[in-house]
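The chain contents come next:
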Amino acid sequence: MQDVLNIPGLKVFERGWLSANNILLTDADSSTLIDSGYVIHQQQTLLLVQNALGSRPLDRLVNTHLHSDHCGGNALLQSNYPNLITLIPPGESRAVEQWDTEALSYEATGQMCPRFGFNGLLSAGQLLQMAGLEWQVLAAPGHDPHSVIMFEPQHRVLISADALWANGFGVVFPELEGLAAFEEVSQTLDLIESLQPEWIIPGHGAVIKGVDAALFNARRKLDGFIQNPAKHAKYGAKVLLKYKLLELNQIATLAFIEWATQVRYFKLLHQTYSPDISLNDWVMTMLRDLEKSKALEFHDQLIVNI
Ligand SMILES: [Zn+2]
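Visitor: Lay out the sheet that holds strand 4 (residues 60-62) in plain terms, naming residues and giving numbers.
Guide: Across the sheet, six strands lie side by side as 1-2-3-4-5-6; this open sheet has mixed pairing. Taken across any chain shown, the strands that pair with only one partner, and hence form the sheet edges, are strand 1 (10-13) and strand 6 (120-121). Pairing geometry for strand 1 and strand 2 (residues 22-26), over four bridges, is antiparallel. Note that in strand 2 the partner of Lys 11 across the bridge is Leu 24. Against the sheet, helix 1 (residues 42-53) touches strand 1, strand 2 and strand 3 (31-34), its axis set at about 25° to strand 2.

Visitor: How would you explain the side chain of Asn 305 if you had to name every residue and give the values?
Guide: Secondary-structure assignment places Asn 305 in strand 15 (residues 302-305). By relative accessible area, Asn 305 is classed as buried at 14%. For Asn 305, the side chain forms a polar contact with the side chain of Lys 242, separated by 2.5 Å.

Visitor: Requested: an account of the nonpolar core, with residues and values cited.
Guide: Judged by nonpolar contacts, the single largest core of 53 residues is most densely connected at Leu 164, Leu 241, Phe 266 and Leu 287. When residues no more than four places from it in sequence are discounted, the contact partners of Leu 164 are Phe 169, Leu 189, Ile 192, Ile 200, Pro 202, Val 211, Ala 214, Leu 215 and Ala 218. Grouped together as the second largest cluster of nonpolar side chains are 22 residues, Ile 23, Leu 25, Leu 87 and Leu 122 included.

Visitor: Which residues make up the packing of helix 8 (residues 212-227) against helix 9 (residues 229-248), and what values go with them?
Guide: Packing of helix 8 against helix 9 brings their axes to within 4 Å, and their N-to-C directions diverge by 115°. Relative to helix 9, the element helix 8 lies roughly perpendicular. Listed contacts from helix 9 to Gly 224, Phe 225, Ile 226 and Gln 227 of helix 8 are Pro 229, Lys 231, His 232 and Tyr 235. Residue classes in the contact of helix 8 with helix 9 are distributed as four nonpolar, three polar and one charged.

Visitor: An account of the domain arrangement of the chain is needed here, citing residue identities and associated values.
Guide: It is common to give the size of an interface as the accessible area lost on bringing the parts into contact. Considered domain by domain, the chain is made up of domain 1 (4-226) and domain 2 (240-305). One C-alpha centre belongs to domain 1, the other to domain 2, and the line joining them spans 27 Å. In this complex, domain 1 contributes 16 residues to the contact, which on the side of domain 2 involves 11 residues. Here domain 1 and domain 2 share an interface that buries about 1,300 Å² over both sides, 58% of which is from carbon and sulfur atoms. The tally of links from domain 1 across to domain 2 stands at two salt bridges. Among the salt bridges present, the one from Arg 264 reaches Glu 177, with a minimum N-O distance of 3.1 Å. Connecting domain 1 to domain 2 are seven residue pairs in polar contact (both at pLDDT 80 or more). Going through the elements one at a time, helix 2 (68-71), helix 5 (106-109) and helix 6 (173-176) are the ones with two or more residues in the side of domain 1 that touches domain 2. Broken down by element, the side of domain 1 that touches domain 2 gets its largest block of residues, three residues, from helix 5.

Visitor: Please give an account of the coordination of the zinc ion that cites residues and values.
Guide: Note on the zinc ion: its protein donors are His 65 (NE2), His 67 (ND1), His 143 (NE2) and Asp 162 (OD). The metal-donor distances range over 2.2 to 2.4 Å. Given four donor atoms and angles of 82 to 171° at the metal, the environment of the zinc ion is assigned as irregular. Read in sequence order, the donor residues for the zinc ion give the motif H-x1-H-x75-H-x18-D. In this pair, His 65 sits in the loop between strand 4 and helix 2 while Asp 162 sits in the loop between strand 10 (157-161) and helix 6, placing the two residues 97 residues apart along the sequence.

Visitor: A description of the pairing of strand 3 should follow, citing residues and the corresponding values.
Guide: Residues Ser 31 and Leu 33 point to one face of strand 3 and Thr 32 and Ile 34 to the other, with burial holding for every one of them. Pairing of strand 2 with strand 3, which is carried by four bridges, proceeds in the antiparallel orientation. Among the inter-strand pairings, Leu 24 is bridged to a residue of strand 3, identified as Leu 33. Connecting strand 2 to the antiparallel partner strand 3 that follows it, the hairpin turn spans four residues.

Visitor: Go over the environment of Ala 140 with me, naming the residues and quoting the values.
Guide: Along the chain, the position of Ala 140 falls in the loop between strand 8 (133-139) and strand 9 (148-152). Each residue touching Ala 140, except ones within four places of it in the same chain, is listed here: Ser 147, Val 148, Ile 149, Ala 163 and Thr 188.

Calculation notes
Residues numbered from 1 in each chain as written. Predicted model: local features only at pLDDT ≥ 70, side-chain atom pairs only at ≥ 80, totals over all residues. Heavy atoms only, no water. Pairing = 2+ DSSP bridges. Helix = DSSP H or I, 4+ residues; strand = E, 2+ residues; numbered from the N terminus. Contact = heavy atoms within 4.5 Å. Axes fitted to C-alpha atoms, helices over the stretch in contact; angles between N-to-C directions. Buried < 20%, exposed > 50% of the residue type's maximum accessible area, 1.4 Å probe, protein only. Polar contact = N/O pair within 3.5 Å; in protein donor to acceptor, adjacent residues only side chain to side chain. Core = buried A, V, L, I, M, F, W, Y, C linked by side-chain atoms within 4.5 Å. Parallel < 35°, antiparallel > 145°, perpendicular 65-115°, else oblique. Nonpolar A, V, L, I, M, F, W, Y, C, P; charged D, E, K, R; others polar. Domains from an automatic or database assignment. Buried area = accessible area lost by both parts, 1.4 Å probe. Salt bridge = Lys/Arg side-chain N within 4 Å of Asp/Glu carboxyl O. Donors = N, O, S within 2.8 Å, 3.2 Å for Na, K, Ca; no water. Tetrahedral: all angles 85-135°; square planar, octahedral: opposite > 155°, others 65-115°.

What follows is the structure, given as structure tokens:
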């Protein structure tokens, strides 16, 4: 837990990579949590919030976007805090209402997210009062077309979700579908630069002081992807494999490959970039790459997360 700039009422719960960071903002009027982590950590998320709030209820839950690592704790928080107001970014309200797990990416990524409801939508330009400060809601398409970020101009604090991390940004999911979105990533980075944040609370990783190094890293990474989209596709595939392995910790190699061959994004990436080899072989190539980068190990018949 980090107290950014010692802003009273702002707490960052820095989580592992499987769960997005959670940010708790409290003042005399209300308490708000931004993002709720992945489902297998939902109890931990609830405990972090309960310990910080004590007897006080959580009033509001805000999602920067609806990837499973950002809203997997929504359902449990909603059942524990019956008066909780949940606000989601615009653009996916129908998918949430109908719980369309394909549109919400949980099917396509092979990830899990318990069904939750919502009470209202965030919109670009909206102001949210949190921790006694006024936060601007800004559209940040790229990693996810519907993602928002939040900026507090007085202390120049940016909640950047997966639009900007210390060493890059989240996989550009529309690009995995063949939809051009690198330009949107670039525009979102320009928007962040124009805000000149002094502090960045990313969706994953530690709080960042200053924006220049992070922007430099992100733009360099983006340039590499623009020049070679296959590199981004491999990155996306490996992130999704590693993410599942973080969830499972270890699994029989054959079962893991079997799981991967059922997941739409893997099928799509294989068909687009490596149709000359079998899907099983392509998955194995990605796993060997992850082994080389020490993200996993093969033990007899098992794949083990490291
Ligand atoms: Zn995300």
